[in-house]
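Residues per chain, in single letters:
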Amino acid sequence: EDVEVLHWWTSGGEAAALNVLKEDLQGQGIGWNDMPVAGGGGEAAMTTLRARVTAGNAPTAVQMLGFDIKDWAAEGALGNLDSVAADGSWDEVVPDALQNFSKDADGHWIAAPVNVHSTNWVWISKSALDATGMEAPETWEDLIAVLDAMKENGITPLAHGGQAWQDATIFDAVVLSLGDDFYKASMIDLDPDALGGEKMVEAFQRMETLRGYVDDNFSGRDWNLASAMVIDGSAGMQMMGDWAKGEFLRADQVPGEDFICIRFPGTQGAVTFNSDQFAMFKVDEGQDAQLAMAASVMDPAFQSAFNVVKGSVPARTDVPNDDFDDCGKKGMADLADANSAGRLFGSMAHGHSVPAGVKNAMYDVITAHFNGEFSAEEAAEEMVNAVQSAM
Amino acid sequence: MGFLDIDNVTKSYGAVEVLHRVDIAVEEGEFLVLVGPSGCGKSTLLNMIAGLEGITSGEISIKGRVVNGVHPSKRNIAMVFQSYALYPNMTVGQNMTFGLEMHGVPKAERDKALADVAKLLQIEQLLDRKPGQLSGGQRQRVAMGRALVRDPDVFLFDEPLSNLDAKLRVDMRTEIKKLHQKLGTTIVYVTHDQIEAMTLSTRIAVMNGGYVQQLGTPQQIYDDPENVFVASFMGSPSMNLVKAVAHVTGNGAGVEVTGSDGAPHVLPLPSRPAGLTDGQQVLFGIRPEAVTDGEGADRNAQVLARLVNRIEVIEPGGADTFVTTTLSGKDVIARMRSQTTCRPGEDFELVLNMDKAVLFDPETEQRIR
Amino acid sequence: MGFLDIDNVTKSYGAVEVLHRVDIAVEEGEFLVLVGPSGCGKSTLLNMIAGLEGITSGEISIKGRVVNGVHPSKRNIAMVFQSYALYPNMTVGQNMTFGLEMHGVPKAERDKALADVAKLLQIEQLLDRKPGQLSGGQRQRVAMGRALVRDPDVFLFDEPLSNLDAKLRVDMRTEIKKLHQKLGTTIVYVTHDQIEAMTLSTRIAVMNGGYVQQLGTPQQIYDDPENVFVASFMGSPSMNLVKAVAHVTGNGAGVEVTGSDGAPHVLPLPSRPAGLTDGQQVLFGIRPEAVTDGEGADRNAQVLARLVNRIEVIEPGGADTFVTTTLSGKDVIARMRSQTTCRPGEDFELVLNMDKAVLFDPETEQRIR
Amino acid sequence: MATDTPDFRTRLQDWIPKLVLSPSLAMVLVFVYGFIAFTVYLSFTDSRMLPSYDWIGLENYSKLWGLRHWHTAIANLGIFAFLYISICTLIGLGLAIFLDQKIRGEGILRPIYLYPMALSFIVTGTAWKWFLDPGIGLEHTMHLWGWESFEFGWIKDRDMAIYTVVIAAVWQTSGFVMAMFLAGLRGIDNEILKAAQIDGASNWNLYRRIVIPLLRPAFLSAFVILAHLAVKSYDLVIALTGGGPGRATELPATFMYSYTFTRNSMGIGAASAVIMLMTIAAIMMPYLYAELKEKK
Amino acid sequence: MAVAEQDTAVRTGRITRTFIYLLLLLFALFYLLPFFVMLSNSLKPLDEITGGNMMSLPREWTIEPWLAAWSTAQIGVEPTGLKPYFLNSILMVVPAVAISTILGALNGYVLTKWRFKGDNLLFGLMLFACFIPFQIVLIPMARMLGLMGLAGSTPGLVLVHVVYGIGFTTLYFRNYYAAFPTELVRAAMIDGAGFFRIFWRILLPVSGPIAVVSVIWQFTNIWNDFLFGASFADLDSMPMTVALNNLVNSSTGVKEYNVHFAGAILAALPTLLVYIVAGRYFVRGLMAGSVKG
Ligand SMILES: Nc1ncnc2c1ncn2[C@@H]1O[C@H](COP(=O)(O)OP(=O)(O)OP(=O)(O)O)[C@@H](O)[C@H]1O
Ligand SMILES: Nc1ncnc2c1ncn2[C@@H]1O[C@H](COP(=O)(O)OP(=O)(O)OP(=O)(O)O)[C@@H](O)[C@H]1O
Ligand SMILES: [Mg+2]
Ligand SMILES: [Mg+2]
């Protein structure tokens, strides 16, 4: 039996990581039909998925993010993984915040989480930081001080790419830095008071402040080119998810020596995440392979092997951290802590806090504001409108 | 019943009738020319015979078989088109045998037929060329060869010479005429050139506006036109038609025209047409070759009328000289010998061969006989 | 020195010389026709006069001014093209005044010139139409109007009638002739139709292969051709040319041809050409209208030769009948009256007007005088 | 007596043409008009991620026209289409006229002008993006070459970014338009040009008064092709700006795609598609009408 | 005295000509620039790109990226390079181009030489189909392909491309055949050739120029299509553009720009080749067929 897997992990490291799973399944005599469609953080793949499902030709397993899983579950298109979940006692080892996306409304397992990316990271060039003579920032004020110092040193303090999702990634962190409750109320519960309130205005003001540290040339820049700026020292830091680490490592930089990773100041102990999961579609044949694949995905050895390569952390909290580097170990510890402290939140920017329509509506406002179309007050007001009309 | 019968045939495009009850019976071996101005329906009629256009009403039969609705290739006809319609991608030989090939004639037979016709038309050396490499005259010959090779019951020609230059046209005309005399096939031939019509045909159908105006031998059509249209369409330069007043006295008759000096002249007629009354307004028609100088006049003519008139334009044509003068306010062309002594602007004595005069009613435009 | 001088002009395309030392002087008010077969260089010469082609060597001058290298618009010429070359996007009126507009003539003047010419050509009612809405004859008229309105020194016409049908061509021909007589402008006119050349011109230049073969009045060209090419090119049907042997006796002379029965016949000549020797092989040329039946023969001819011969084809042409017979193995066409009594296949007495006979050397193809 | 009773073969010959046409026609009817009907239907439903069949009337349309981005997209299309069509036409015409002057090396230049049409924007988008990027592209290079004051940062500028899309689009299709005009020019009767010269027209007047009016059919064809490419433009924007900075370069096609496929608002997407179709129809109908009437 | 010779109907002075040449060269530069950027960057090592000037020539030349793009780059889980997808594309493009061109030719033939009532309306319907935005047909097309059992297969893709190509091919051929003398068809009819034989023996042999236009147009569009390829293909029918997209467009992985550019040029080679080889006939074909509007 074969599985057909739709995913968008096509870059060298990602594909190599996925190959671990493929070989594992092949070991069990299960073939792997690859169906990669890259582009737009999975958008192209989701379009393809829709075409395939409409055609009655759904793939067995599909890489999916956050609310997409819930949407497809609501369409009744997904299969049931309860049996393997029970065997592997997923309920115990997967953080609740993740389970929220892996189960349908009735509490059945429908997807197997592969990894957790946490998105509230800041990647700082060690040499640039040393040049300021300051410590890694812990608070918003510290951050501003460091950024100012870097600016004085004649480098671009903040490397950033002007794409909606990158803007939103920073915005996530900024909102979270204003308090867990505020994040929850505005980004998850979509409470209009929070969305349009004082704090939201403040969040936008902070965005404006950060905008001041970005070079003029940011718009449309790919995130990895921004990373490259940090790597070559022409920029001081980048606020980006943990996948950015791959760029640093590939440039032969050593964590702790050449660059350091910290949580966005003011969000220590909390984690915004996005989690790639394999959602299993209802198929006429090949259920066994499907279940076997789900089991393999959740296998601790795979989770470790995959995430070491991918730069993310395992979705299971019980995976040994031996193979991970410093940043990875920190990530795993953070995740576990945040989980137990109830401070693990889905990332809005990456589709884990609100459905796609709302997310994009928020993107619109955030990006427009970041590009100077709105003042902070207007943006907060727009936020309410945009969210309401997208619901 | 003829060899090719066109029986009360009508053609309409939508609500517009473009051919009105055409009735022609063609005998075996006849050379029928359809002649008429552009748009009069000649091609339409020919296409109906070929089966390329449907017949709205009436019947067409070939050799006694009604062919309405029969596919063109089943009518045993061949057609030569104005543009020759040679297949540009095939050699001359392939062009000529394509029809045979389509009819399943074996290769050996095709080759033989091809060789025969190529010899007849003296195009043996062209057989391997493409049409693009041929001159106009050669193309014309190939197009005829393509028709001949099929050995059909009826040949249809749609203005086959009008793409050739004047000189070649005359040569090819003679060639077609010879071919017809040699092979004796039945031919229906469309042209708008009346000289072609006259020289080639055994019979002519003069058409206008979808009607057959007159059907007859070339001589009938030329000398004895039924109406003004036929009279003026046939002949080049065309028949002079001037307004005149009839003078009838007993059995004698004449027509009164106004000379260039404004004075009336009465020209006597050889006989009195029965339909003519005294004082009647008529159109007096006389062909250019019947208006000459004294030297060139026909010695056998019964009645010659003489008239001194002002000469306007002289056009020497080599063999003849065309002289323009004015009668009853209208240009009249006279065809004179090239040695004629008349000069533009001078008065000159014209001799009119009144045997050839014809009269028409100016209202109905029909002949007064 | 003429009004328009073509002085020793040569044209080469790359290494190929397509016009060889052409030398023509055109007087003011003359109507010069360049005639010749396709590709002989007529259009090239005309375009050189117009300034549309460069001059390889030699000089062209208009009114005494050398115009080599002068831009077409500065030569004060006007040209009428075969395709008429009307600007399809402009109305007739705009077409006609475009040249004036380009030369900066004020609107009022343009309108006046337009009105005059439109009146002259009777196209007033067409002025607001686009060329696409005109018939062939109307387009031709507009093209002429466009040339006329400029009031140029020289008019150039490049086969202006060859896109018209036979009938219209004759009418337009007369019209151009009249126009020339009325306006007296200098015209150079290209055609490959020898009838047009004959009827229109005051002088003709017969061209072939880039050479001017003969330059002279129509009558000179027709009656007195310099060589075989001119003789056979001019005239329709063209001059009969048959192989013959010269018989010279004292001052008298004759040519011996073979009749259709195979027997030799000696045809007497009115005088002995100086260059003729006894027994010499010659080409005996005689025009169709000089071969007739007894009735039709020219009464003023000095020498008439009679000859009974087999008749092959009869082509009635309305005004005349063309009869084909054979002399010395070659087709000979006779032009007879339409009443002629001869029939195909029969023997018939032909009368040859030997005054019109011309002799050529079969080798050099030059005239024997 | 109407006696047209064709034999079998003739009747078959009458039917074959229609039979031959029918597969194409059937495909077009189903896959184009059927789908258009389906889209129109969807635009009246509350379809979100997948088609649904719950009728909600004009709600999608009112939502659509309430969206700021839709207005941006429409306005952008206006700017883009106008500039794209006019610049392409201008450049295409200019190049064609120049190339028609018996230019040596025409054989090399023509494919150079034409080749961009052969490349997909997945391919050239990145190259353009870099080229236009002030930090690494043209501006940067000019600075390196010592022209310090050179500035070309449109792609980063909200108000100017749409013009960079125009530049890239013009780059891609103007060569094709050139080919169309060249074909048109080569089809003009030489005698008309000669006549105009004798009439004394300068080169400028010759082209302005005679040649360009004669190219009307080429203009029309070019307009139709360019207009529909403009309305359909999608790859270009995605590859070049991704709709940014912000949403400044959103076009109806990208709008429609994102609402249908990434925002799970298929109903609104369908509504925008219907508007686009209506726009195209408004442009094409007169053209089609003229085209079909003339050939009658 | 001899003057400078010019065959052109339009004359231009020396200065004007110099200006024209300059302008033409300038535009050639404009058209070539992006290609230059791609080519020069595809021959650089990656660090020279991310750290350096993208407009400059490589300091260190390498063909590694080309080899990688062709045979070792990661497209999916397998490091296959673009190689296998090349064949997929060929298998899709060739039949799709052939079928749509042949159908277009047949349609054009019927619409000009076998006219019947309403033929213009049908043509209008087909022509309008050219202008449909492809995004809107995605979902219904997927459903249709599923119903026909063609989902995720090369034949399915061929069908899609044929459907959305025949409008244009029909337009081209119709305009071309409209100028083809109908008398030839009539002559062949009298000679006894039937519908297909006339098409095959008489029209097709002279359709070269317009076939070139049709093939170039279709080949370019189909080869470069991404949307349909991504939506309706399986791994074993996935065309080159989708593979290229996977190579170029990974979101959270490392971006190897030099490989991307090399891949991009590789993917474009067939279309470039078609343009260069057949481009000569392109203007001629346009002249013959499609510009009469
Ligand atoms: N398909 C058609 N639909 C409508 N009217 C037509 C059609 N074909 C021909 N006609 C009309 O029928 C009439 C006769 O046309 P036909 O082609 O037979 O003329 P013709 O005598 O051959 O002219 P020409 O000498 O120009 O070839 C014309 O008035 C023409 O407009
Ligand atoms: N641009 C050119 N390059 C080379 N040869 C040319 C060119 N133009 C004309 N010729 C040649 O010059 C000769 C004369 O051509 P021209 O057009 O003057 O002939 P023509 O007498 O006008 O013929 P027609 O009656 O066919 O118009 C021909 O042999 C032709 O092939
Ligand atoms: Mg006709
Ligand atoms: Mg010429």
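My aim in this report is to walk through the structure given alongside it, one point at a time.

Cut-offs used in this document
Residues numbered from 1 in each chain as written. Chains lettered and ligands numbered in written order. Predicted model: local features only at pLDDT ≥ 70, side-chain atom pairs only at ≥ 80, totals over all residues. Heavy atoms only, no water. Buried < 20%, exposed > 50% of the residue type's maximum accessible area, 1.4 Å probe, protein only. Helix = DSSP H or I, 4+ residues; strand = E, 2+ residues; numbered from the N terminus. Pairing = 2+ DSSP bridges. Near = heavy atom within 4 Å. Polar contact = N/O pair within 3.5 Å; in protein donor to acceptor, adjacent residues only side chain to side chain. Core = buried A, V, L, I, M, F, W, Y, C linked by side-chain atoms within 4.5 Å. Contact = heavy atoms within 4.5 Å. Salt bridge = Lys/Arg side-chain N within 4 Å of Asp/Glu carboxyl O.

What follows concerns the pairing of strand β8 (residues 186-191) of chain C. All names here are of chain C. With respect to burial, β8 is a largely interior element, six of its six residues being buried. Of the two faces of β8, both are covered, the one formed by T186, V188 and V190 as well as the one formed by I187, Y189 and T191. Note: strand β3 (residues 31-35) against β8, five bridges, orientation parallel. Its bridge partner being in β8, V33 is matched across the sheet by Y189. Summarising the sheet, strand β7 (residues 154-158) and β8 pair through five bridges and their orientation is parallel. Across the sheet, the residue bridging to L156 is V188, located in β8.

Once that is clear, we can look at unusual backbone geometry. Residues and elements named next belong to chain B. Its identity is not glycine, yet D151 carries a phi of approximately 50°, on the positive side. The topology assignment puts D151 in the loop between α4 (136-148) and β7 (154-158). Its relative accessible area of 60% is what places D151 among the exposed residues. In the Ramachandran plot, S328 falls in the positive-phi region, its phi being about 45° despite a non-glycine side chain. Tracing the backbone through its elements, the reader meets S328 in the loop between β17 (320-327) and β18 (330-337). Assessed through its relative accessible area of 22%, S328 is described here as partly exposed.

Another point: the site of ligand 1. Residues and elements named next belong to chain B. Neighbouring ligand 1 are Y13, V18, P37, S38, G39, C40, G41, K42, S43, T44 and E159. Take K42: an N or O atom from its side chain is 2.9 Å from an oxygen atom of ligand 1. Within the side chain of T44, a nitrogen or oxygen atom sits 2.4 Å from an oxygen atom of ligand 1. Per-element accounting of the shell around ligand 1 gives the leading share, three residues, to helix α1 (residues 42-50).

Looking now at the nonpolar core. In terms of nonpolar packing, the biggest core is built from 311 residues, with W72 of chain A, F80 and Y113 of chain D together with Y164, I198, I202 and F232 of chain E touching the most fellow members. Residues within four places of F80 of chain D in sequence aside, it is in contact with I85, I162, V165, V166, A169, A230, S233, L236 and L251 of chain D. Membership of the second largest hydrophobic core comes to 64 residues, among which are L158, M237, I366 and V387 of chain A.

Under the counting rule described, the total for this entry stands at 52 salt bridges over all chains. Taking the shortest distance from any N to any O, the salt bridge between R335 of chain B and D320 of chain C comes out at 2.5 Å. In this pair, R335 of chain B is assigned in strand β18 and D320 of chain C in strand β17 (residues 320-327), connecting two distinct chains. D320 of chain C matches R335 of chain B in its accessibility class, with the two residues each being buried. D153 of chain C is paired through a salt bridge with K63 of chain C; the nearest N and O atoms lie 3.3 Å apart. One end of the pair, D153 of chain C, is in the loop between α4 (136-148) and β7; the other, K63 of chain C, is in the loop between β4 (57-62) and β5 (65-66), with 90 residues separating them in the sequence. The network of salt bridges with shared partners includes D224, E226, R367 and R369 of chain B.

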